[in-house]
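Structural features, examined
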Amino acid sequence: MHKMEAPLLDSGNSIEGLFESDDWQYVFDNRFAQRFIRNWLAQHFIPIWLVRLFIRKRRLEFDPLFNSKAPIQFCTLCHPILFSDRIVGLSELRNVREDCHLCNLISRTAELYNGDRQDVKITRTGSALTIGPSRHRILRLCSDRGSLVKSNNETQISFPVLPAVEGSLRFSLLRAWLRWCDKHSGCKSNNHQHSNKSKEGLPTRLLYVGNPDSFGYNPDFLKLVPGSEIGAATYVALSHCWGASDKVPPYCTTEGNISDRQVKLSIADLPLTFRDAVKVARGLKVQYLWIDSLCIMQGEGGDWKEESKRMEDVYASAYCTIAATRAVDSNAGFLKRDIRSEYVCIQDDLGQPVYVCTCPADFDEEVERALLNNRAWVMQERFLSRRTIHFGANQMYWECGEGVYCEDLTQLKSSHGKTKHFKLNPKFPNLLFNSGFSNTMYFLQSFLVDYSNRGLSKKTDRVVALSWLAACIARALGCYESFGIFEFYLHRNLLWRRSGPMERIKYEPSEVPSWSWMTYTGGIEFMDDLYGKLDVFNNLKLSEGDQKALVTNVWEFQNCYLREETKLGAARRQILESCGMEIGWIMYDVEGEEDFRQRQSVVVGRTRQGDGPESNGLDNREYHILLVRQRRENKYERVGIGMVQQGYLLRQQLEVRIL
C-alpha cells in the first residue's frame, strides 16, 4: 500500500480585485483581454487610430467590443459605491432610484437577489457590485478600452454587451481560450491522452464535420468515419442530456442506417443540440466530432455494451469537450441565451468610461446546478475531460486546469485541496496520491455524495456509470475499489447513511453487496469523523477472494434495547439503556423495513477517549457501527448504521462474511 503524505501547498500570490466565495476566487486577467481584443481588431482590419477617433467622436458602432453610449451623470450616493469603500443599504437606493439612472439599475437588480426583502448592504468587491454578507455578485464593472490604454487592474476589461451567440467574436474567443490553454503544460496533455500513432484511446467512429478548405466541402452534410483513420487530427466530444424516451430516437445510428451514414448524413436530420455542436466544432476549426447516439450503434444489433467500456478514453482523449449545459434534451439546442444584458455607461475619476452591466458570470448556478450536471453519467465525462466548454443559460464557460474563464472574461480559481480544485486539475486523479490523507478523504466523500444524488434513466446503471472514474481513482491511490467503496478508506467509506428515502435496486443477474450504497437509489451522506480521531477496527476488511464480501466480527447489543417509537419525521431510532437513558442511535437503510428484534452489529471504528470540546477528559468513547442481520450460517447483510456508547456491545462471532 502506498503511503499518503501531506501536500506541499503553494502560498499563492496577492491579486488585485480578488475575493473568495464558496471556494471560488473571482479574478480578471486584463493582459489576456487586451491581447484578445487587439488580435480580433487586427483580424477584422480595424486600425487602432480609427478606434481612437471614433471614441472621441462618440460614433463607434461595432458592439459589443466598444460602445457609443454616452456616459450618464450619477449621484453622490452611487459614486462612493463604485469608487470608494462605502457600503450602502438597499433602502437608501430605493429613496433616490427615480432620480438617478445608476441607482435605479443597482436597486432593481439587487431586488432580484433579495428574496427576504431585507435591507441588505451593497458594496464593490473587485470589479463587481456585491450584495449581502455572502458578497454575491449582482453587477459587473468593466472597461472596453483595453486595446487603447494600459490597464490599471482596478476595472476589468470586458464587453459591455456579451458577444452575439453565433457571431465571429464568440468563436474567436473560444479559439483564443484553446490557444491559451495549449500553452499550459498541464492542460496540453493528461494521463489518459491517446497516441495517434498507436491508435490507443481513439473512438471506434467519429463524425467528419468537414473542412471548408477541402475540395467538395458541403456544410449541409456529415459522415461517419472510423476513428482509426483520423491520423494526427483531433476531435471534440459532446456531453449532453438525451431527454426522456423509452424508445431509440429516430436520429440515432442503428444497425439499419449505419451504412448510409458512412457515406453521408444530412445535418437537417439531426436535432438542434447536435446541429449546434457541429457549429461549435467548425467554429473551433476541428474536423471531427464524437456524439454518443451517432457514433455508437443504438438498439437491437447495436454495440453500446462494447463501446460503453471505452468511455474513459473517449472523453480523456478528446481535444476538448463541448457541454450542452443549458439544453434539457437533444432538441433544445444550447447556443442561444435566455437573457439580454442591460448596462449604463459612466466616467471614473480620470474621465475614462466604465460600464455597469447586469448578468455577471454565475458558474455555480448556470453549470453546477444545471440539469446536465445532475446526471450520473455526466460526472465521469466531466472529470475525465481535460478541458470543457460549458454553454450555460446566459454565458459560456471555459474549464481547464488553470480554472474557469467566463464569457465576460471573469476568471474563477479554486484553492488547493478543495473539491473544485480536484475537478479542475488536469493531473486528476493522480493528484490525489500526494494531496494528503484528509484532503483526499474529504474529496472522496463529497465526490460520492454528489454522485449518489444524481439522476439515472436506468436505476441499474448506478454501478456502471461510475465504474471508469472509480477505477481511475483506485489506480491513482494504489488500492482496490468495490461498488463505490475504496479500500484505502474502507472504514470511513462504509460509514454512509441515507440522506432521504432509499429503495432497493433489482440488479440482474447478480446483486450488489448490502454494505454498498449502490444497492439502493437515493442520496447518501457520511458520518462525521469527529476531529479526525476515529480509531478503525483492523479486523474489518474486504475478502481477498470475493470483492462482494466483507470479513469481520459480529457483536451483539447487551443491557440495552431499541426504542420502537420515533419522533415525527425523525429517521433515527434511539438505543436506550435498561433504565431508559439514551446511549446511541440506529438509522435503517430503508424506511419501513425495521426489525426491532435485530441485535447484531459490526464495529467499524471507535472515537478516542476524551475527544470533543465537552469531554473534560472522560471516557465517553462511542462505537461507529453497521446494523446487520443474519442471512444464513456465518453470512450477514447490512440493514442500517448507528452509534452506541462503549460497554453495550459484546463480541459474538468471529470471521463472518457481510454480503
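The model shown is predicted, which means the values in this text are computed figures rather than measured ones. (Residues numbered from 1 in each chain as written. Predicted model: local features only at pLDDT ≥ 70, side-chain atom pairs only at ≥ 80, totals over all residues. Heavy atoms only, no water.)

1. Some words on the pairing of strand β34 (residues 635–645)
The element β34 is largely enclosed, with a buried count of nine among its eleven residues. Sheet topology note: the strand β31 (residues 582–588)/β34 ladder contains five bridges and is antiparallel. By the bridge assignment for β34, Y588 is matched with G640. Sheet analysis places strand β33 (residues 622–632) next to β34, joined by ten bridges and oriented antiparallel. Its bridge partner lying in β34, R629 is registered against E637. What sits between β33 and β34 in their antiparallel hairpin is a turn of two residues, with N634 showing a positive phi close to 65°. The pairing of β34 with strand β35 (residues 649–658) spans two bridges and is classified as parallel. Within β35, the position partnered with K635 by the bridge is R657. (Buried < 20%, exposed > 50% of the residue type's maximum accessible area, 1.4 Å probe, protein only. Helix = DSSP H or I, 4+ residues; strand = E, 2+ residues; numbered from the N terminus. Pairing = 2+ DSSP bridges.)

2. Remarks on the pattern of salt bridges
Scanning the entire structure with this criterion turns up 23 salt bridges. The shortest N-O distance in the salt bridge between R140 and D408 comes to 3.9 Å. In this pair, R140 sits in strand β6 (residues 136–143) while D408 sits in the loop between β18 (403–406) and β19 (410–414), placing the two residues 268 residues apart along the sequence. D408 matches R140 in its accessibility class, with the two residues each being buried. The shortest N-O distance in the salt bridge between R657 and D546 comes to 3.2 Å. Taken together, the positions of R657 in strand β35 and D546 in the loop between β27 (541–542) and β28 (550–557) put the pair 111 residues apart, joining distant regions of the chain. Judged by its relative accessible area of 23%, R657 is partly exposed. Bridged by salt links that share partners, the residues E511, R629, R631 and E637 form one connected network. (Salt bridge = Lys/Arg side-chain N within 4 Å of Asp/Glu carboxyl O.)

3. Here's the deal with the packing of helix α14 (residues 376–384) against helix α17 (residues 464–477)
Put simply, α14 and α17 touch, their axes get as near as 8 Å, and they point 25° apart. In this view, α14 runs roughly parallel relative to α17, as classed from their interaxial angle. With respect to the hand of their crossing, α14 and α17 are arranged in left-handed fashion. Side by side, α14 and α17 meet where A376, W377, M379, Q380, F383 and L384 of the first sit next to V464, A465, L466, S467, W468, L469 and C472 of the second. A class-by-class count of the residues in the contact of α14 with α17 yields eleven nonpolar, two polar and no charged. (Axes fitted to C-alpha atoms, helices over the stretch in contact; angles between N-to-C directions. Parallel < 35°, antiparallel > 145°, perpendicular 65-115°, else oblique. Left-handed = near helix turned anticlockwise from the far one by under 90°. Contact = heavy atoms within 4.5 Å. Nonpolar A, V, L, I, M, F, W, Y, C, P; charged D, E, K, R; others polar.)

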